[in-house]
Amino acid sequence: VRLKVLVPPDSGAGAVVFVHGGGFAFCSPETHERCARVLALECGLPVLLQDYRLAPEHPYPAGLMDVVATIRNAFSVLAPFGVAAGPLILSGDSAGANLALAALLHEATQGRPPLAGALLFYGTYAGDFRTESYRDFENGPGLTTAKMQRYWRWYVGDRDVSADPLACPLLAPDEALAALPSLHLMAAGVDPLLSDSIVLHERLKRLGRSERLTVVPGVTHGFLQNTLDLAAAREALAAAGADAR
């Protein structure tokens, strides 16, 4: 797995693994490098910005297994950079948030110790295109329902994932969600994926968990890519960094 290692000045022990979005089929560490650098500064921790195999050439679970490989080997990768082992936080945006959450669920099924937490930004957590936000923002602006349907077809290929929480984390049973580490949840207010975050948050609340969901009003899917020009993007990453600290 190809990685960019981003170490901010005066970083503490521990690290963040950042999984880029892009509909499971697009983007790279290069497209998300500025966002990850800002996150590293806000968290005060090194960020491992990872590549992973993309659909449709490499459908589920290829990308997920690449994320699992990274989190299992994060500190051995970071040791030559002088990074001390410590809390490991997983993060991702859009499809990357799906992969991050699925990786947490996967590791729990393998009996591995939980990570310190996760920072999840406007994730796609199920292939259900009947939700309120998929209807409200069917034609965008930006991301559309038709695009998401295509991305999901590419990701799952000919697999039946209708009962698979590692593809669709919203299908996870209550006990699996209850056992997750602390989650930072953020969604965009103008986004077909908004309902996915709302449904996830409502399930966590019913389980007695204390996560808050921040819905950033007036912004579209992918707005964290605009930290040069958009104050809301910088503020959202600052809030995530505060939670990580």
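Rules and cut-offs
Residues numbered from 1 in each chain as written. Predicted model: local features only at pLDDT ≥ 70, side-chain atom pairs only at ≥ 80, totals over all residues. Heavy atoms only, no water. Salt bridge = Lys/Arg side-chain N within 4 Å of Asp/Glu carboxyl O. Helix = DSSP H or I, 4+ residues; strand = E, 2+ residues; numbered from the N terminus. Core = buried A, V, L, I, M, F, W, Y, C linked by side-chain atoms within 4.5 Å. Buried < 20%, exposed > 50% of the residue type's maximum accessible area, 1.4 Å probe, protein only. Contact = heavy atoms within 4.5 Å. Axes fitted to C-alpha atoms, helices over the stretch in contact; angles between N-to-C directions. Parallel < 35°, antiparallel > 145°, perpendicular 65-115°, else oblique. Left-handed = near helix turned anticlockwise from the far one by under 90°. Nonpolar A, V, L, I, M, F, W, Y, C, P; charged D, E, K, R; others polar. Disulfide = S-S within 2.5 Å. Pairing = 2+ DSSP bridges.

Draft legend 1. Region of interest: the pattern of salt bridges. Counting across every chain of the model gives 11 salt bridges. Two residues, K4 and E33, come together in a salt bridge whose shortest N-O distance is 3.4 Å. In this pair, K4 is assigned in strand β1 (residues 3-6) and E33 in helix α1 (residues 33-43), connecting sequence segments 29 residues apart. Note that R37 and E33 form a salt bridge whose closest N and O atoms lie 2.8 Å from each other. On the criterion of helical spacing, the pair formed by R37 and E33 is a turn pair, its members being 4 residues apart in helix α1. Salt bridges here are not isolated pairs; linked through shared partners, they connect R2, K4, E30, E33, R37 and D51.

Draft legend 2. Quick peek at the nonpolar core. Judged by nonpolar contacts, the single largest core of 52 residues is most densely connected at L64, L90, L120 and L183. Per-element accounting of this core gives the leading share, 9 residues, to helix α4 (residues 95-109). Dropping the residues within four chain positions of it, L64 is found in contact with L99, A102, A103, Y155 and L166. Counting residues in each nonpolar core, the second largest holds 28 residues, with I89, F223, A233 and L237 among its members.

Draft legend 3. Spotlight on the packing of α1 against helix α9 (residues 231-244). The geometry of α1 relative to α9 is characterised by a closest axis approach of 8 Å and an angle of 45° between their N-to-C directions. Relative to α9, the element α1 lies oblique. Remark: the crossing between α1 and α9 carries right-handed chirality. Judged by residue contacts, C35, V38, L39, E42 and C43 of α1 engage L237, A238, A240, G241 and A244 from α9. The residue inventory of the contact of α1 with α9, partitioned by class, reads 8 nonpolar, 1 polar and 1 charged.

Draft legend 4. Structural detail: unusual backbone geometry. A cis geometry characterises the amide bond from A55 onward to P56, with omega recorded as 0°. Its location among the elements puts P56 in the loop between β3 (47-50) and α2 (62-72). Residues Y60 and P61 are joined by a peptide bond in cis, for which omega reads 10°. Topologically, P61 is positioned in the loop between β3 and α2. Despite not being glycine, F24 shows a phi value in the positive range, around 65°. Structurally, F24 is set in the loop between β2 (15-19) and α1. The backbone phi angle of C27 is positive, close to 75°, even though this residue is not glycine.

Draft legend 5. Looking closely at the state of the cysteines. Summed over all chains, the structure comprises 0 disulfides. Among the cysteines around C27, which has no disulfide bond, C35 carries the closest sulfur, lying 11 Å off. Owing to a relative accessible area of 32%, C27 belongs among the partly exposed residues under this scheme.

Draft legend 6. Geometry of the sheet that holds strand β4 (residues 88-93). What the 7 strands build is an open sheet, ordered β1-β3-β2-β4-β5-β6-β7; its pairing is mixed. Here the strands that pair on one side only, and so sit at the sheet edges, are β1 and β7 (213-220). In this sheet, adjacent strand axes meet at a mean angle of 20° when their direction is disregarded. Set on the sheet, α1 makes contact with β1, β2, β3, β4 and β5 (117-121); between it and β1 the angle comes to about 35°. Lying on the sheet, α4 is in contact with β2, β4, β5 and β6 (182-190); it crosses β4 at an angle near 145°.

Draft legend 7. Representation of the environment of T220 in the model. The topology assignment puts T220 in strand β7. The exposure class of T220 is partly exposed, given its relative accessible area of 29%. Sequence-wise, T220 and G142 are 78 residues apart; in three dimensions their C-alpha atoms are separated by 6.8 Å. If near-sequence neighbours (up to four positions away) are discounted, T220 is found in contact with P141, A188 and V190.

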